[in-house]
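Below are the chains, spelled out letter by letter.
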Amino acid sequence: MPIEILMPALSPTMTEGTLAAWSVKEGDKVASGDVIAEIETDKATMEVEAVDEGTIAKIVVPAGTEGVAVNAVIAVLLEEDEDGTDLSSFKPNEEKIPVQPEEAKSPAIAEELPVAAQTNEQVTSETVTKQSGDRLFASPLAKRLAEQAGYNLSDIRGSGPKGRIVKRDVEAHRPTASTTKPPSVSRSLSGPSAKELADLLGTTYREEPVSKIRGIIANRLQEAKQTIPHFYLTIECELDALLAMRKQINDSDENIKVSVNDLIIKASAKALIKVPEANASWNGDSILYYDHADVAVAVAIEGGLVTPIVRSAESKSLTTISDEMKDLAGRAKTGKLKPDEYQGGSFSISNLGMFGIKEFSAVINPPHGAILAVGMGEKRPVVKDGELAIATMMSCTLSCDHRVVDGAVGATFLQAFKGMIENPLGMLI
Amino acid sequence: MAKQEFDLIVIGGGPGGYVAAIRGAQLGMSVALVEANHLGGICLNWGCIPTKALLRSAEVMHLIKNADQFGISVKDVSFDLTKIVDRSRKVAAQLSGGIKHLLKKNKVTIFDGWGKLTKSKEIVVENDGKEIATLKGKHTILATGARARVLPGLEPDEEFVWSYREAMVPKELPKSILVIGSGAIGIEFASFYNDLGVEVTVVEMADKILPVEDDEISGLALKALKKDGIFFHTGSVAEIIDKGKGTVKIVKAGGKEDDKGQTITVDKVISAVGIVGNVENLGLEDLKVEVDRSHIKVNQWLETAEPGIYAIGDVVNPPWLAHKASHEAIICVEKIAGSKDVHPLDPNLIPGCTYARPQIASLGLTEQACSEQGLDVNIGRFPFVANGKAIALGDTEGMIKTIFDAKTGELLGAHLIGAEVTELIQGYTIGKTLETTEAELMHTVFPHPTLSEMMHESVLDAYGRAIHF
């Protein structure tokens, strides 16, 4: 019996992805564990490995196909003792097969693989692939319902004739936070849109469509800022002891290069464990208090940002954190993060010190309970023991989700954090 | 006798069965059709089609009687009932022959006999008590249709009590008729006989005639038919007192026992009190097929509880309409063939038509259903009397009513009464099937001068924008 190779889910929330490339071609023999394809989601690229041994009999979804639904059949594998004729009895689960984009058209599956009763009409598939720029077919009622609900039509799967989006599809659509349509929300602000205004005033501009990642960022941040009651606490930390310790560590071995940021990750993690009330997430009808400090760090990438996570950072050595962070940041920039490397976490750090920013406040990245905005370390005049002195100071602003972190909790956390930074040996214990 | 094997076997050759057979053949299946009586079924032989031929004669009669209104003088108008009935039978025969041709063209093998399922889901075809074939099919569709419901005391006897069947082929014209039941069938016969000069009385158990229609339309129909001379007793039941004398007592439905009611004397009684499904002698007892009150239970894909056995049309759930049966046939067969572009039938997209004078046509939810569902609606109305074409036709009785969801603009229902509305309703049906909102209907250009302009105006009126009223 031929084996169906299905579109894998790279994360629990993934519903579709892009089949970026095939590493095998039809007729190739594969063994379990061989890389056969690369799958892209909005943030990451992952390799798909063969689970069974056999010969790739058929590639069902060609490379470059976007919007391939999870569990769709992407290829068919024949086991050793089977030959091609076994395919004639093979009935693909068509419901899962996406229509291929125009440019990637290969003979339609229905022509090659007979269905239960031989038909002389091409049986069309239910799912549609959405190519950016493709015309979306939707009924007038579906369009209006989607508009009223604030859904983006391109997020809705059409089940009508030839994949047309109809009323029942809009009604069945359960949007995730990232699929509600940002323009409808932002446009509800009074006044003309940016484009209308620019056109009116004759302002020249370059217009770029919102990329998938930009759309997700826009939605998540808008949702975060609109739904999470933020408040802000700022604290000044003296860095001299920390910088001295860092120098000692880095001088001890030329292969070691721990950054101030690595130390901040460690200090945050330690402080989160010390003040567990701050290591929490709002969960609607409950609050989650985490056992470990999974610290996310905002990393700027082309066209947006991602927040890879150093898991259980409280128990990792500085060099481990340092190595891990370099690896995560590097792969974040090339889009090779796995979803479990950037999803979840309880706390994030955004550091703009390298840009000379003295102080700022950041937007909480759900489901986190707080985010620490780290400014530049600089020499400032300070008063020590009644005397004017010079110290290297750093301003840190904690944005707290007031639903889980109250003012006193946030302040206690910052005290603990400041304690770690100013007495850094505590971090090493 | 060799067993013959087919991909698809259809039992019953009515508008459900023959359409299923042709569609199956189109999709490359080998198909057998088993029909015991007439290809085309009741619809074509004893229902939709022959009654339309009769009603056409009545309409011509009505026009001629009113020729003076159009400036035409006609003297000594008379009609020949035998010729009217003959014409109706010829129309049916012509179409039945057409079905046979279509089936042959599509290479459907026709078995002339009664098909009955065995325990092993084979079909034994009998003709005149003799087994003429045994068929084995991968899939079997039951499209056996329905027959007139018989109420105790109202059994058709070809003398005094007629079913639709006798009422369609009268040998002589009765002077008076009592029609029991005011559904589409009852009202069409009432209208037909009334136009031929028979004194017609209609008894309806429900509080309104055409009980499935919108209250407002039902009221307008009652008013128009009464004006034409038909007597109505709604909320009432009839009981035959003496067949020989033709006496019938009409009492209030569910009324007191001492209700003396009203006794009338009529030449004939037409019983039109609904239908029952043809589920007997099909071998269903030995299979898992479930029957509920004479109708076979099916799921949204017309599958019975017995794998490989399907049922469509009048033998399953309502509405019991030919076009619903045909559409179920398509859905059922395409699903069997594995098509993905097939969807369950939405009852709100099945139009219903009554071919009385005036005609009645409707689609989707009535105003009452909307309010029961708590829907906030916009309702539009446009009367025939304000339409140029209707005035020119001399047919100014009627109205077009449209109902929209106030929030989404979805066309929820359309209810029409008046000349040719059975032809007009399809415009709304297409719109509703394509999921129109009021906006697309408003943007549609309707030709002038036509009755269809009223469809436009009714939509405009739902939003306070009617131009001509």
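Conventions we followed
- Residues numbered from 1 in each chain as written.
- Chains lettered and ligands numbered in written order.
- Predicted model: local features only at pLDDT ≥ 70, side-chain atom pairs only at ≥ 80, totals over all residues.
- Heavy atoms only, no water.
- Helix = DSSP H or I, 4+ residues; strand = E, 2+ residues; numbered from the N terminus.
- Buried < 20%, exposed > 50% of the residue type's maximum accessible area, 1.4 Å probe, protein only.
- Contact = heavy atoms within 4.5 Å.
- Areas by Shrake-Rupley, 256 points an atom, 1.4 Å probe, with all protein chains shown as cover.
- Pairing = 2+ DSSP bridges.
- Axes fitted to C-alpha atoms, helices over the stretch in contact; angles between N-to-C directions.
- Parallel < 35°, antiparallel > 145°, perpendicular 65-115°, else oblique.
- Left-handed = near helix turned anticlockwise from the far one by under 90°.
- Nonpolar A, V, L, I, M, F, W, Y, C, P; charged D, E, K, R; others polar.
- Core = buried A, V, L, I, M, F, W, Y, C linked by side-chain atoms within 4.5 Å.
- pLDDT = per-residue confidence, 0-100.
- Expected span 1.5 Å × (residues − 1).
- Arc of directions from axis to C-beta.
- Patch = residues over 30% accessible without salt bridge, like charges linked within 9 Å, V, L, I, M, F, W, Y side chains within 5 Å.
- Salt bridge = Lys/Arg side-chain N within 4 Å of Asp/Glu carboxyl O.
- Phe/Tyr/Trp six-rings, centres within 6.5 Å; stacked < 30°, edge-to-face > 60°.

A. Geometry of the overall build of chain A. Looking only at helices and strands, chain A has 11 helices and 18 strands in total. Counting the 429 residues in chain A, one finds 45% classified as buried. Looking at chain A alone, contacts between residues at least 24 apart form 62% of all its contacts between residues at least 6 apart. When the accessible surface of chain A is summed, it comes to about 21,900 Å², and 52% of that surface belongs to carbon and sulfur atoms.

B. Layout of the pairing of strand β4 (residues 35-40) of chain A. All names here are of chain A. Direction of pairing for strand β2 (residues 16-22) relative to β4: antiparallel, over a ladder of 4 bridges. Residue pairing in the sheet places Trp 22 in a bridge with Ala 37 of β4. In the sheet, β4 pairs with strand β5 (residues 45-49) via 5 bridges, with the strands oriented antiparallel. Across the sheet, residue Ile 39 finds its bridge partner in β5, namely Met 46.

C. Quick look at the packing of helix α8 (residues 260-274) of chain A against helix α10 (residues 407-422) of chain A. Residue and element names in this part refer to chain A. For the pair α8 and α10, interaxial distance at closest approach is 8 Å and the crossing angle is 135°. Overall, the two elements α8 and α10 adopt an arrangement that is oblique. Both α8 and α10 take part in a crossing whose hand is right-handed. Mapping the contact onto sequence places Ile 264, Ala 267, Ser 268, Lys 270, Ala 271, Leu 272 and Lys 274 in α8 and Phe 413, Ala 416, Phe 417, Met 420 and Ile 421 in α10. Split into classes, the residues belonging to the contact of α8 with α10 amount to 9 nonpolar, 1 polar and 2 charged.

D. Looking closely at the sheet that holds strand β21 (residues 359-364) of chain B. All names here are of chain B. Judged by pairing direction, the sheet is antiparallel, and its 5 strands sit side by side in the order β20-β21-β24-β23-β22 without closing on themselves. Each having just a single partner strand, β20 (352-354) and β22 (377-383) make up the two edges of the open sheet. Neighbour-to-neighbour, the strand axes of the sheet open up by a mean angle of 10°, direction not taken into account. The pairing of β22 with strand β23 (residues 398-405) spans 7 bridges and is antiparallel.

E. Main features of the nonpolar core. Core analysis: the largest hydrophobic core is formed by 55 residues, its most contacted members being A:Ile265, A:Val295, A:Phe347, A:Leu372, A:Phe413 and A:Phe417. Counting residues in hydrophobic clusters, the runner-up holds 36 residues, among them B:Trp162, B:Val179, B:Leu196 and B:Met399.

F. Main features of unusual backbone geometry. Going from B:Arg357 to B:Pro358, the amide bond is cis rather than trans, its omega being 10°. With respect to the helices and strands, the residue B:Pro358 is situated in the loop between β20 and β21. Between B:His448 and the following residue, B:Pro449, the backbone shows a cis peptide bond with an omega angle of -5°. You can see B:Pro449 is positioned in the loop between α12 (438-443) and α13 (453-462). For A:Lys162, which is not glycine, the phi dihedral falls at a positive 55°. For A:Lys162, the position within the fold is in the loop between α2 (140-149) and α3 (167-172). Classification of A:Lys162 by relative accessible area gives exposed; the value is 67%. Of note, B:Glu158 is a non-glycine position whose phi angle comes to about 65°, a positive value. One can find B:Glu158 in the loop between β7 (146-148) and β8 (161-162).

G. The arrangement of the side chain of B:Glu188 in detail. Residue and element names in this part refer to chain B. Relative to the helices and strands, Glu 188 resides in helix α6 (residues 184-195). On the basis of relative accessible area, Glu 188 is assigned to the buried category, the value being 9%. When residues no more than four places from it in sequence are discounted, the contact partners of Glu 188 are Thr 51, Lys 52, Leu 55, Cys 353, Thr 354, Tyr 355 and Ala 356.

H. Region of the structure containing the confidence of the model for chain B. With 100% of its residues at a pLDDT of 70 or more, chain B shows a mean pLDDT of 95. In the model output, the complex is listed with pTM 0.61 alongside ipTM 0.82.

I. Molecular detail of the sheet that holds strand β17 (residues 370-384) of chain A. Residue and element names in this part refer to chain A. A sheet is described by the order of its strands in space; here 6 strands give the open sequence β9-β18-β17-β16-β12-β15, paired in mixed fashion. In this open sheet, the two strands that pair with only one neighbour each are β9 (230-238) and β15 (309-310). Note that β9 and strand β18 (residues 387-401) share 9 bridges and pair antiparallel. Opposite Ile 235, over in β18, you have Cys 396 as the bridge partner.

J. Region of interest: α10(A). Residue and element names in this part refer to chain A. Between its first and last C-alpha, α10 extends 22 Å over 16 residues, near the 22 Å set by a 1.5 Å rise per residue. Within the span of α10, buried status applies to Val 409, Gly 410, Phe 413, Leu 414, Ala 416, Phe 417, Met 420 and Ile 421. An end-on view of α10 places all buried positions within 160° of arc, on one side of the element. Turned more than 90 degrees off the buried face of α10, the exposed positions are Ala 408 and Gln 415.

K. Region of the structure containing the environment of A:Ile309. All names here are of chain A. With respect to the helices and strands, Ile 309 occurs in strand β15. The exposure class of Ile 309 is buried, given its relative accessible area of 4%. Sequence separation between Ile 309 and Ser 346 is 37 residues, and the spatial gap between their C-alpha atoms is 9.4 Å. Apart from residues lying up to four places away in sequence, Ile 309 is in contact with Asp 294, Val 295, Ala 296, Leu 328, Glu 341, Tyr 342, Gln 343, Gly 344 and Gly 345.

L. Examining the environment of B:Glu435 more closely. Checked against the element boundaries, B:Glu435 lands in the loop between α11 (421-433) and α12. The class for B:Glu435 is buried, based on a relative accessible area of 14%. The spacing of B:Glu435 and B:Leu412 is 23 residues in sequence and 9.8 Å in space, taken between C-alpha atoms. When near neighbours in sequence (up to four residues on either side) are disregarded, B:Glu435 contacts A:Ser139, A:Pro140, A:Leu141, A:Ala142, A:Val166, A:Lys167 and A:Arg168.

M. Fine view of a nonpolar patch on the surface. All names here are of chain B. Taken together, Val 60, Leu 63, Ile 64, Phe 70, Ile 72, Val 74 and Val 77 make up a surface patch of nonpolar side chains, about 520 Å² in accessible area. Along the polypeptide, Ile 64 turns up in helix α3 (residues 48-65). For Ile 64, a relative accessible area of 32% puts it in the partly exposed group.

N. Representation of the packing of aromatic side chains. Counting across every chain of the model gives 8 aromatic pairs over all chains. Between A:Phe347 and A:Phe413, the ring centres sit 5.3 Å apart and the planes meet at 55°, which makes this aromatic pair tilted. Here A:Phe347 is found in strand β16 (residues 347-351), whereas its partner A:Phe413 is found in helix α10, with 66 residues between them in sequence. Taken together, a centroid distance of 6.1 Å and an interplanar angle of 85° make the contact between B:Phe6 and B:Phe111 edge-to-face. With B:Phe6 in strand β1 (residues 3-11) and B:Phe111 in strand β3 (residues 109-112), this pair connects stretches of sequence that are 105 residues apart. Among the residues examined, B:Phe6 registers a relative accessible area of 10% and is labelled buried. Exposure remark for B:Phe111: the relative accessible area of 9% places this residue in the buried category.

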